[in-house]
Each structure stands twice: as C-alpha cells, then as structure tokens.
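Okay, here's what each chain looks like letter by letter:
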Amino acid sequence: MIVAIDGPSGTGKSSTSKAVAAQLGLSYLDTGAQYRAITWWMLSNGVDVSDQEAIAAAADKPSIVSGTDPRQPAISADGLDAAGPIRTQEVTAAVSAVSAVPEVRTRITELQRAIAAEAGGGIVVEGRDIGTTVLPGADLKVFLTASPEARAARRSGELKTTEGKPVTDLAATQQALTARDKADSSRKASPLKKAEDAVEVDTTELTLEQVIECVVTLVEKAAARKAEAEPVEEAAR
Ligand SMILES: Nc1ncnc2c1ncn2[C@@H]1O[C@H](COP(=O)(O)OP(=O)(O)OP(=O)(O)O)[C@@H](O)[C@H]1O
Ligand SMILES: Nc1ccn([C@@H]2O[C@H](COP(=O)(O)O)[C@@H](O)[C@H]2O)c(=O)n1
C-alpha cells in the first residue's frame, strides 16, 4: 500500500502522514526533511546556495539517511543527526533554491523510490511531487490544501531562528510561506502540483483529528479496492 500525500507548506502533511501511518501500521517518509538535510549539509560545508552549478556539483556528496518509523522519524546527513538543524529559519529560507536544482532532485528521488520499494508493509510518503513524479503509481494520492492565513497561524511560533528563538511574527511567517510555495510551484523540475488523480482535502476548517480521520478512511477504501483488484490481476496472468 503506497500512499502519496502532497500539498503546500503548513497544510498538515507531516502531522497527518505520521498519524495515519502510525494508526495503520505503515512506514512513513518525510521527503521535505531530505531536501532540508541536503540543504543543511550544503550550508554547513561552504556550498554557495545561490549558485546552481555549485549546488549541482555537491548534490551527490552527502549521505542522507531517513528513518521510516512514524513514531520516531529520523534524518541524518553524513552521519550527523539533522532533525534539529533542518528546522531553522536559515535552512527554510534556502531549501527551495536547493530543491529546484535537477541534480539534487534526481539524487533525492532515487533515494525516495528505494525507500518506498523496501517498505514491505506499505508506506505513507509526503512531499510536493510524490503523486506526480516520485511514485505516480501510488495506490492513493491525497493533496492537502488550506488558506494562507490558516497555514501561517499554524506555523507561527513553531519555527526557530538560528539562535533557537521562536518566530512569532504572523505576517512575516505568511509571507515566507507564500514565497516558498511560489518558488516550489514555479520551478521547472518536478514542481509542487496536484496529481490529476489525487483527492483534494481542504483542511482550513478542519481540526487535525478530522483530517487524520478523513485520510484513514481514504486509505482503507483504497486498500479495499486494491484487495478486490488483485485476485483479478492474478487470474489474468
Ligand atoms: N487541521 C489542522 N488544524 C490545526 N493545526 C494543524 C492542522 N494540521 C496541522 N496543524 C498544525 O500545523 C502545523 C504544520 O503542520 P505540518 O508540519 O504537519 O504541515 P506540513 O504541510 O507538513 O508543513 P511543511 O510542508 O511546511 O513541512 C503543525 O504545528 C501542526 O500541528
Ligand atoms: N517532495 C518534495 C518535498 C519537499 N521539497 C522541498 O523541500 C522544502 C521543505 O519541505 P517541508 O515539507 O519540510 O516544508 C519545500 O519547500 C520544497 O522546496 C520538494 O521540493 N519536494
């Protein structure tokens, strides 16, 4: 069972995906964390993140390792725990420029497909291009949306400055979030986009619990469809 959950920033992809995976006993992959980890590695290793050629040349250098336990998602770059540093404002501000570089996307997409292929019991993969590019054959594709105001309110206070202080400016948070969505949607390589066959869920007026319940129901229905379809496919071979 492969579930792809995409959508803009702050729509609830990570919270929903982790909870759905934990509830249904599936693995979980946060692909944004992988792009953040490679960005953090570049910033930490003197790569000029305003220079596309420098980013491309460094794309295959770090080892990026993701854990797939939804209750304990882990991410490391060259063996260093990246879970904390990837959430800083510095990384958030640079990640769209790094993730737009085709060499970075090729590298990270290969990692994502390998992890999904190894997840025997099924996996929930969340990001921006999972349903369109990374796993176009997913059994279920969900595209989460929410108004920019709701997303900024959710995010504000959660982000940290490089000094570790919380970011509390709502207007600035909304502006940064909208700018990141624009960059992610307008890049040439695998932009943020709803797959044609994705189910869109507007979470603006929903609690997180309601979104989780909605997605669990969608996964259960997709699993039932898959179970019904498989014996037919088997007989046809
Ligand atoms: N439906 C909801 N109602 C209220 N708060 C929510 C809802 N969904 C998520 N949240 C909260 O919003 C914040 C952002 O959620 P989350 O990190 O899951 O979003 P995301 O889409 O993964 O964002 P990003 O792409 O930036 O990583 C979290 O603090 C989360 O608890
Ligand atoms: N499939 C994906 C996932 C993420 N990105 C890029 O990473 C950034 C951070 O993602 P978060 O979910 O952690 O906020 C995001 O802004 C994208 O630039 C991507 O390109 N493809």
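Note that the structure is predicted; figures quoted are calculated from it, not measured. (Residues numbered from 1 in each chain as written. Chains lettered and ligands numbered in written order. Predicted model: local features only at pLDDT ≥ 70, side-chain atom pairs only at ≥ 80, totals over all residues.)

Caption draft 1: Region of the structure containing the environment of G10. Relative to the elements of secondary structure, G10 occurs in the loop between β1 (2-6) and α1 (13-24). Residue G10 is classed as buried on the basis of its C-beta count, with 24 C-beta atoms lying within 10 Å. In this structure the C-alpha to C-alpha distance between G10 and P70, which are 60 residues apart in sequence, comes to 18 Å. Look past the residues within four positions of G10 in its chain and what remains in contact with it is A146, R151, R154, R155 and L177. (Helix = DSSP H or I, 4+ residues; strand = E, 2+ residues; numbered from the N terminus. Buried ≥ 20, exposed ≤ 12 C-beta atoms within 10 Å, placed from the backbone. Contact = placed C-beta atoms within 7 Å.)

Caption draft 2: Inspection of the environment of E149 at higher detail. Along the chain, E149 falls in helix α7 (residues 148-155). Along the sequence, E149 and R36 sit 113 residues apart, while their C-alpha atoms lie 24 Å from each other.

Caption draft 3: Summary view of the sheet that holds strand β3 (residues 64-66). Spatial strand order, β3-β4-β5: three strands in an open sheet with antiparallel pairing. Either end of the sheet is taken by a strand with one partner, and the two such strands are β3 and β5 (80-81). Bridge count between β3 and strand β4 (residues 75-77): three bridges; the pairing is antiparallel. Counted as the bridge partner of V65 is S76 from β4. Lying on the sheet, helix α2 (residues 31-44) is in contact with β3 and β4; it crosses β4 at an angle near 30°. (Pairing = 2+ DSSP bridges. Axes fitted to C-alpha atoms, helices over the stretch in contact; angles between N-to-C directions.)

Caption draft 4: Quick look at the site of ligand 2. Not every one of the 15 residues close to ligand 2 is listed here, only the nearest: G32, Y35, S99, G127 and R128. Within the residue set of the shell around ligand 2, elements represented by two or more residues are α2, α4 (89-99) and α8 (170-186). Element by element, the count of residues in the shell around ligand 2 is highest for α2, at five residues. In terms of residue class, the shell around ligand 2 is built from four nonpolar, six polar and five charged. (Near = placed C-beta within 6 Å. Nonpolar A, V, L, I, M, F, W, Y, C, P; charged D, E, K, R; others polar.)

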